[in-house]
Amino acid sequence: METLRSILKPDGSVMPGAKSRMDEELLLEALRWMIKSRLYDQRVIALQRQGQFGVFSPGTGQEASIVGSALALDPARDWIVPQYRELMATVHHGLPLEVITAQYLGKIGPARIPEGVNVLPTQVSIAAQLPQATGLAWGLRLRGKDAVVMAYIGDGGSSEGDFHEGLNLAGVVKAPIVFFLQNNQWAISTSRRVQSATKSFSLRAAGYGFEGIAVDGNDVMAVYDAACDAVERARNGGGPTLIESVTYRMSFHNTTDNPSRYEDPKEHDEARARDPIERVQRYLAGLGLWDEKRAAALTDEVREENERALQLAYAAPAPRPEDVFANVYADLPPRVARQKSDFLDGGA
Amino acid sequence: METLRSILKPDGSVMPGAKSRMDEELLLEALRWMIKSRLYDQRVIALQRQGQFGVFSPGTGQEASIVGSALALDPARDWIVPQYRELMATVHHGLPLEVITAQYLGKIGPARIPEGVNVLPTQVSIAAQLPQATGLAWGLRLRGKDAVVMAYIGDGGSSEGDFHEGLNLAGVVKAPIVFFLQNNQWAISTSRRVQSATKSFSLRAAGYGFEGIAVDGNDVMAVYDAACDAVERARNGGGPTLIESVTYRMSFHNTTDNPSRYEDPKEHDEARARDPIERVQRYLAGLGLWDEKRAAALTDEVREENERALQLAYAAPAPRPEDVFANVYADLPPRVARQKSDFLDGGA
Amino acid sequence: MAVPEVPQRNIVEAINSALVEEMEADPRVMVLGLDVGKLGGVFRTTSGLVDRYGPERVVDTPLAEASIVGASLGLAIAGMVPVAEIQFLGFTAQAFHQIGPQLGKYRQRSRGRYHCQVTIRAPFGGGIKSPEFHSDAVEAQFVQTPGIKVVMPSNPYDAKGLLLEAIRDPDPVLFCEPDRLYRAARMEVPDGAYTVPFGKAVLAREGQHVTLVAWSAAVELCMRAAEQLAQEGVSAAVLDLRTLVPLDTETLCAQVAKTGRCVIVHEAPLSAGFGAEISATLMEEVFFDLDAPVARVGAFDVPFPAASLEDYYLPSVDRVVAAVRRAME
Amino acid sequence: MAVPEVPQRNIVEAINSALVEEMEADPRVMVLGLDVGKLGGVFRTTSGLVDRYGPERVVDTPLAEASIVGASLGLAIAGMVPVAEIQFLGFTAQAFHQIGPQLGKYRQRSRGRYHCQVTIRAPFGGGIKSPEFHSDAVEAQFVQTPGIKVVMPSNPYDAKGLLLEAIRDPDPVLFCEPDRLYRAARMEVPDGAYTVPFGKAVLAREGQHVTLVAWSAAVELCMRAAEQLAQEGVSAAVLDLRTLVPLDTETLCAQVAKTGRCVIVHEAPLSAGFGAEISATLMEEVFFDLDAPVARVGAFDVPFPAASLEDYYLPSVDRVVAAVRRAME
Ligand SMILES: Cc1ncc(C[n+]2csc(CCOP(=O)(O)OP(=O)(O)O)c2C)c(N)n1
Ligand SMILES: Cc1ncc(C[n+]2csc(CCOP(=O)(O)OP(=O)(O)O)c2C)c(N)n1
Ligand SMILES: [Mg+2]
Ligand SMILES: [Mg+2]
């Protein structure tokens, strides 16, 4: 395993001589997003347990990775192509929390990504988003935009053919894109060791003719710096970058999963000790910028926001039967239109 | 472009201090196979031009690559998984030349690979053979055989998702396999430069956790040495190797292709100067082991062999209508059996 | 002396039992796929296998469907008997080029030198509020790729017997499992090995007036529809095709000729679903015995919608009953 | 003053002409695929385009079908109008997971925020002794993936007009080109842009006794069969469906109701081919107007064999004529 780019150590101290692009103010903002993400996870998992929320894949443990990467983007021009575990990255990028929340409640219309928000829908078909993200980045350049695309993928997704084809094409067309690989050590129950014999996924970049880097994915400063470097390179015509963000899935695959069947508790506890949020709090406390009081205040504030979004989502209208036929074609083919009218007439 | 492993220079001299595993005797055998391959190409291309042969992809220019890799294998236990441009490698491995020739004449039964010949059929679906080759190597080890699989792929094929999935899985299960990538600079009309931005395809191996090496594919000694190293590693449980054999497609994609539409004549002429056969002849001539007389004798001898194979293939029986239904299932499903009998009764 | 009781099993247990039987009997049999090891598969069908047979024969693979299928082909040529799991049938799309064009054609391509004794298991079907792709009923796509057998069990007994038949079949078999019924009612599923032959449709329910033709979870739907129809005085037979390739045309045609009326029910979208093939076959074989046009009930010709809409999208008892009523006019 | 002559074009020239028209008219239109640049495509359909519009709009891609389609989806979202070429329809298998499940579902998945104005062109069909996979007629696989339109031109005029319609369609279109007819007879194909609407079947030949239903190269086959039938005193109409999705059920049903007899002809294997959908639709819509069961003629239910056997495998004039004779009994 090659050494990871890192700045902020688990104990909250900074690597000797290391300096991040992230100043205290931005770090406080990052911390706020990370806490917001953690609290949202906790809340909706509780709701799901009460049968009031859909199947959900939390970002718990990966907040530095998710937030640090998103902070490097300019929501006004850049684009995010998610897999499904980067919820707070898309929210930071402008997707209202109530909109993405509505999706988990099975609301159709209310889950529509608003015009002007440069985010693609979550992708369930693992790695299918990568060739698409490459095409998007390529097309934005052809259209004369100076946009950069940040595409997310997991350690599991890195094994799909689409990973290879998407990255190779990006190298060939020098697409303005950052492939952000969250290596959280798991693909459902499948360990990262089973996923590939490579020492580091970042080594794959050389096989596509662009830069690859492995970063401590629980270190928001290091993630942010690596992401900024990559975004700048892409924006300046330097082509793609593959960032492997080495982190850990601290909760579970999703709310239907039970890691006790396959996860070594020791490995889990070691991961908790590398919690991405606590280390930032320790660091800021050392600077006198963080204490119980501030923590409590921020927690209340963020809980508030999350609750408001949840309420909006719950209040949003449920789908109607005819929505089955919505947004399939610009114009329904006659045969499908007939199926629709028969259906609405209570026929078969 | 990283430097290529090489021993025998185009001028027929040996790199200072370089020593090959290949002794003169084996080199003479290699030369024989290379000439046999070149002459077979010339002959069947002529036949194809007269409408007496099927679409054919010659190995012209790649003989060192094709023969040098095959010579590293033990036909009695090892396996070859071809793409379609490695004809003489499969013949060296025990596939009778008349059998593979029959395939190009549309003969069905006569083109069947005989029992005991460890060769898979040619693969038209580019790169589909790679996950299959990995499974074969993996399975042979599970069955307790000490076999090694040599799987062929092209520079074009390296872009397919199957390349990635096949190599990554091979690394994970440590399959006894050698991935032999013939980079002949072309995929039909598509230049290697378009295929990938990577400096060398061999760099991809690190992304799968095994060894990769780039070798001068027109240097039969270097190819043989690299292949032997890889075969030994695989046999000794060391897992897969990716060999990029850098060569050049000196003729055309296949007999329907016309490179003048897209190939730079300069590039073509430079390639001819690196002819893999001539350099061996120069080297052997320098040792007094090669001259006009020997060349003429060998040429006659090899022509003879090729003609005999061609005659056998032409004499082999043409397919019968009922062969349409042959070898689809162990037992034809009733519905298909009925289609067959209706068809043979002259019905529809 | 009491007769030994036949154990009750649901489909998950029946499939697990079939895998255990065959792994015990034949050391060449191996299981590979995503999360089939310690987790025992996302539906637990392979639960316990890795503890019994070890990680060499029960293999968690990288997340790459094409290589799961492609490697299985190679493993089979090496003499293993792979039972590959594709986590959800919808993800056969990622392996599509390795299924029909490779597994299905390899015997032909090699002129019979090689064949592929490979089973691909995959759960599918709606009704359990799954995420996108997890419900897609794409079985008919593999009827269009000759060389592949397509098996669609509807109950635990058939699931075990058909799976054993599949694993032993020298040719590639796609074995589609109705996840909605995985843990539905148990039934008697004997210990030990037994097989249910391919190409033998079975009458799940007798009936005089109309024949409902279905496979997989749609059989259970038709049984419920038949119940309700019985209350209306309509006696509906339910024919379970069990396998689409090979297709039991004989039983199908004889049964429909008997009732003269037929409604085909499947979860796939209507257009070009396998119901079309059934209807076309009946057209060709029993046209003159039909008292009414053969009708089809399927999902609508749109992609599987969000889970919150699936009850509107999927064929329902009401829609089946309505179709039968029209067929009875 | 002489009327300006309408130029004669074959299908290759008609397609090239359509691409030129649209690339001239709309700078967002681009062509990408294998060997579409200097070579002009393996069949020369994109010949000359790279010289005219440059390598940024006419792009030779790496050999990776899934990325050709996946990238096209992204390009469309960025505001480009990609016309992707898959070198042979059989190789859509490598991109299968990016076509139906992605292109076909993206509008739905994004609740209408995004749509995919993407055309995928692909040659296919037997009769020219192609290598394996190059002839596979898999069009029906894409009828089963809602969201994708499936277009099957049979002649140069339609090829140009339907391709222009496809490129302008806001939704994804699979445009299948009959390579056997690429350089067959020329016909009048006007310069300039014109479109042929989707979902409008056309009568390629009038006839009283029986309707032959076909698409793509099978239309030409049916025309030859109709000629021969005419000598036997059988007047056969030939209906060219032109598009499978959307399907012109109206014209199809009206025409078959008129003749009372129908034979469907396609190059794909019989089972679950699109002929099954046509037959099932006729069963449902015009059952009572049928004088004989609707018949199908397709390839056999085996993988496309070696080129040396294709003439036995593919539907032939003889087999079509024989089917019609049976239908006339
Ligand atoms: C093509 C495909 N195959 C299988 C699945 C089932 N599946 C859903 S999530 C998942 C694991 C993904 O792991 P990773 O890419 O590491 O992302 P993570 O969940 O760790 O964020 C799998 C196998 C899928 N959704 N798509
Ligand atoms: C999946 C697939 N896509 C496209 C083709 C058409 N095709 C046949 S050969 C070829 C080029 C292959 O190039 P390469 O892998 O470098 O092998 P080479 O011909 O140079 O030996 C292509 C694109 C194919 N046979 N299979
Ligand atoms: Mg992961
Ligand atoms: Mg090549």
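Let me begin by describing the structure that accompanies this report. These figures come from a predicted structure and were not determined experimentally.

Thresholds, definitions, all that
Per chain, residue numbering runs from 1 following the sequence as it is written. Written order decides the labels, with chains lettered from A and ligands numbered from 1. Local features are withheld for residues below a pLDDT of 70 in this predicted model, meaning they are given only at 70 or higher, and side-chain atom pairs are given and counted only at 80 or more; totals for whole chains, interfaces and linings count all residues. Hydrogens and water are ignored here; the side-chain numbers use all heavy atoms of the structure. Runs of E in the DSSP output that reach at least two residues are strands. Runs of H or I that reach at least four are helices, and both are numbered from the N terminus. Radius of gyration means the value over C-alpha atoms here, while the globule rule gives 2.2 Å times the residue count to the 0.38 power. Accessibility throughout is a Shrake-Rupley quantity obtained with a 1.4 Å probe, and a residue counts as covered only by protein chains that appear here. Residues counted as positive are Lys and Arg, residues counted as negative are Asp and Glu, and His and the chain ends are not counted. Where a charge lies is defined by one atom per residue type: Lys uses NZ, Arg uses CZ, Asp uses CG and Glu uses CD. Pairs of residues are marked as contacts when any of their non-hydrogen atoms sit within 4.5 Å. Summed over both partners, the accessible area lost on bringing two parts together, with a 1.4 Å probe, is the buried area. Salt bridges are identified by distance alone: a Lys or Arg side-chain nitrogen within 4 Å of an Asp or Glu carboxyl oxygen. Pairs of N or O atoms are called polar contacts if they sit within 3.5 Å, as long as, within protein, a hydrogen donor faces a hydrogen acceptor (for residues adjacent in sequence, only side-chain-to-side-chain pairs). Only Asp, Glu, Lys and Arg are considered charged in this grouping, and only Ala, Val, Leu, Ile, Met, Phe, Trp, Tyr, Cys and Pro are considered nonpolar; every other residue, Gly among them, is considered polar. Inter-axis angles, ranging from 0 to 180 degrees, are taken between N-to-C directions of lines fitted to C-alpha atoms, where helices are fitted over the stretch in contact. Note that the term roughly parallel is reserved for angles under 35 degrees, roughly antiparallel for angles over 145, roughly perpendicular for angles of 65 to 115, and oblique for everything else. Crossing handedness follows the turn of the near helix against the far one: under a right angle anticlockwise gives a left-handed crossing, and clockwise gives a right-handed one. Water is not part of the atom set, so a site may look incomplete; the donors themselves are N, O and S atoms within 2.8 Å of the metal, or 3.2 Å for Na, K and Ca. Each residue's exposure class comes from its accessible area (1.4 Å probe, protein chains only) as a fraction of the maximum for that residue type: buried when under 20%, exposed when over 50%, partly exposed otherwise. Each residue is tested against the molecule or strand, and it is near if at least one of its non-hydrogen atoms lies within 4 Å. A 1.4 Å probe that fits but cannot get out identifies a cavity on a 1 Å grid over protein atoms alone, an open set with protein on both sides within 12 Å along at least five of seven lines counts as a pocket, and a residue lines either if it has an atom within 4 Å of a point. Grid points are joined across faces, edges and corners, and a volume is the space filled by probe spheres set on the points.

### Some details on the overall build of chain A
- On a plain count of helices and strands, chain A comes out with twelve helices and seven strands.
- Over its C-alpha atoms chain A spans a radius of gyration of 21 Å, differing by no more than 12% from the 20 Å that the globule rule assigns to 348 residues.
- Counting only carbon and sulfur atoms, one obtains 51% of the accessible surface of chain A, whose full area is about 12,100 Å².
- Separation of charge centres in chain A, based on 38 positive and 45 negative side chains, amounts to 2 Å.

### Some points on the interface of chain B and chain A
- If you look at the interface, chain B gives 21 residues, while chain A gives 21 residues.
- Regarding the contact of chain B and chain A, the summed buried area is about 1,500 Å², with carbon and sulfur atoms giving 50% of it.
- Run the count over chain B and chain A and you get zero salt bridges.
- Linking chain B with chain A are 16 residue pairs in polar contact (both at pLDDT 80 or more), by the criterion used here.
- Of all the secondary structure elements, the ones that give two or more residues to the side of chain B that touches chain A are α6 (161–173) and α7 (192–195) of chain B.
- Per-element tally for the side of chain B that touches chain A: the top contributor is α6(B), with seven residues.
- Its residues assigned to classes, the side of chain B that touches chain A shows seven nonpolar, eleven polar and three charged.

### Quick notes on the packing of helix α5 (residues 129–142) of chain A against helix α3 (residues 65–77) of chain D
- Look at α5(A) against α3(D): their axes get within 6 Å of each other, and the N-to-C directions meet at 45°. Relative to α3(D), α5(A) is oriented oblique. The two elements α5(A) and α3(D) meet at a crossing, and its hand is right-handed. Two secondary-structure elements touch here, α5(A) through Pro131(A), Gln132(A), Gly135(A), Leu136(A), Trp138(A), Gly139(A) and Leu142(A) and α3(D) through Ala66(D), Ser67(D), Gly70(D), Ala71(D), Leu73(D), Gly74(D), Leu75(D) and Ile77(D).
- Split into classes, the residues belonging to the contact of α5(A) with α3(D) amount to nine nonpolar, six polar and no charged.

### A closer look at the coordination of the magnesium ion (ligand 4)
All names here are of chain B.
- In the first shell of the magnesium ion (ligand 4), the protein supplies Asp155 (OD), Asn184 (OD1) and Trp186 (O), at 2.0 to 2.1 Å from the metal.
- Mapping the donors of the magnesium ion (ligand 4) onto the primary sequence yields the spacing D-x28-N-x1-W. Of this pair, Asp155 sits in the loop between β2 (149–154) and α6 while Asn184 is found in the loop between β3 (177–183) and β4 (186–187), placing the two residues 29 residues apart along the sequence. Here the two residues Asp155 and Asn184 agree in accessibility, since each one is buried.

### Remarks on the site of ligand 2
- Around ligand 2 lies a shell of 21 residues, among which Tyr84(B), Arg85(B), Val124(B), Asp155(B) and Glu65(D) are the nearest.
- Surrounding ligand 2 is a set of residues that belongs to chains B and D.
- Arg85(B) has a polar side-chain atom sitting 2.7 Å from an oxygen atom of ligand 2.
- With respect to ligand 2, the backbone of Gly156(B) contributes an N or O atom lying 2.8 Å from an oxygen atom.
- Contact with the protein chains removes 96% of the 580 Å² of surface that ligand 2 exposes when unbound.
- Residue composition of the shell around ligand 2, by class: nine nonpolar, eight polar and four charged.

### Section: unusual backbone geometry
- With an omega of 0°, the peptide bond between Val245(C) and Pro246(C) qualifies as cis.
- As for its position among the elements, Pro246(C) is in the loop between β12 (243–245) and α8 (249–259).
- If you check the backbone angles, Gln185(B) has positive phi at about 75° while not being a glycine.
- Residue placement: Gln185(B) occurs in the loop between β3 and β4.
- With a phi angle near 55°, Ser216(D) is a residue other than glycine that sits in the positive phi range.

### Regarding empty space enclosed by the protein
- Under the definition given, this model contains 14 cavities of 30 Å³ or more.
- What lines the largest cavity is a set of 27 residues, among which Gln144(C), Thr145(C), Asp136(D), Val138(D) and Gln141(D) lie closest to the centre.
- Breaking the lining of the largest cavity down by element, the ones donating at least two residues are α4 (96–103) of chain C together with β13 (262–269) of chain D.
- The class makeup of the residues in the lining of the largest cavity is 14 nonpolar, nine polar and four charged.
- For the second largest cavity, the calculated volume is near 220 Å³.
- Asp136(C), Val138(C), Lys105(D), Gln144(D) and Thr145(D) are, among the 20 residues lining the second largest cavity, the residues nearest its centre.
- Here the element with the most residues in the lining of the second largest cavity is helix α4 (residues 96–103) of chain D; it accounts for three residues.
- Class assignment of the residues belonging to the lining of the second largest cavity gives a composition of twelve nonpolar, six polar and two charged.

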